[in-house]
Amino acid sequence: MCYRHSCGASGGCPALSPEVLAAQDVVVVIDGSSSILNTDFEKELEFAQALACKLEATMMAPPTGSSGSRVGLVQFGGTHALSECDLTTHADGAEGLRACIFGDGTAGARGVLHLNGEQSPLRQGLQEALDMHTSQGRPGANKIVVLLSDGVVSPAAGLTAQEERDEVTALS
C-alpha cells in the first residue's frame with residue numbers, strides 16, 4: 001500500500017528493488033566555505049530536504065522503526081566540520097530534518113547557519129560523515145554519503161581537489 005507524506009510527495013507504488021526497500025542511512029555533506037555564495041548554500045540545504053522527502057516517499061515501509069530512511073547533515077568550512085543534524089535525534093524522516101535545517105520554531109532553535117569560512121576542509125567533512133555512520137548507523141542499513149561542493153579546495157588545506165577525491169573511501 002502506498003501512502004502520502006507530510007512533505008507533499010506521494011508514493012506512486014513503483015516497483016522497487018530489495019536494495020531500495022532496505023533501510024537507508026544517508027549523510028549529506030555540504031560545503032559551507034566562503035567560495036559558496038549564500039544563495040547556493042540555501043540550495044544545498046533545500047537539496048538535503050528534498051532528498052529526505054524523496055527517500056521517504058519512495059520507501060514502501062513506514063518511515064519509523066528500523067526500516068525506512070534517515071538523513072543526517074554535516075557542514076564543512078573554515079577550519080572544521082560540524083555535525084549539524086545527526087541520524088538519531090532527527091530520525092523522524094523529512095520533517096525532523098526540516099526542523100533541524102531551518103529551525104523548529106522553538107526558542108533557541110537556530111537552524112543551520114552558513115559557516116562561510118575561508119578554508120574548505122573537505123577531508124574533515126567526509127570524516128565526520130564516516131564517523132556519524134560508525135556511531136549512529138543502523139546494522140544492516142545501506143550507508144550513503146552525498147557530497148555537495150563547488151570543488152574549490154583552499155591552498156591552506158594543503159591538498160588539491162583531485163588529491164581530496166583520491167582520499168575518498170567508499171562505504172560498504
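As a reminder, the structure under discussion sits directly above these lines.
Notes on the structure in this doc start here. Just so it is clear, the model here is predicted, and its values are computed rather than measured.

Turning our attention to the pairing of strand β3 (residues 80-85). Inspection of the sheet shows strand β2 (residues 69-77) paired to β3 by five bridges, in the antiparallel sense. What sits directly across from V74, in β3, is S83. In this antiparallel pair of consecutive strands, β2 and β3, the connection spans two residues, and G78 shows a positive phi of 75°.

Here the focus is the pairing of β2. The buried fraction of β2 amounts to nine of the nine residues, a majority that puts the element mostly inside the structure. What you see with β2 is no split at all: S69, V71, L73, Q75 and G77 on one side and R70, G72, V74 and F76 on the other are buried throughout. For strand β1 (residues 24-31) and β2, the ladder comprises eight bridges, and the chain directions are parallel. Bridged to D31 within β2 is F76.

Another point: the nonpolar core. The biggest cluster of nonpolar side chains holds 21 residues, and the ones touching the most others in it are V28, L73 and I101. Listing elements by their share of this core, those giving two or more residues are β1, α2 (38-58), β2, α3 (93-102) and β4 (142-148). Judged by nonpolar contacts, the second largest core, of ten residues, contains V27, A81, L87 and A129.

Parameters and conventions
Residues numbered from 1 in each chain as written. Predicted model: local features only at pLDDT ≥ 70, side-chain atom pairs only at ≥ 80, totals over all residues. Heavy atoms only, no water. Pairing = 2+ DSSP bridges. Helix = DSSP H or I, 4+ residues; strand = E, 2+ residues; numbered from the N terminus. Buried < 20%, exposed > 50% of the residue type's maximum accessible area, 1.4 Å probe, protein only. Core = buried A, V, L, I, M, F, W, Y, C linked by side-chain atoms within 4.5 Å.

As far as function goes, none of this settles anything; it's purely spatial.
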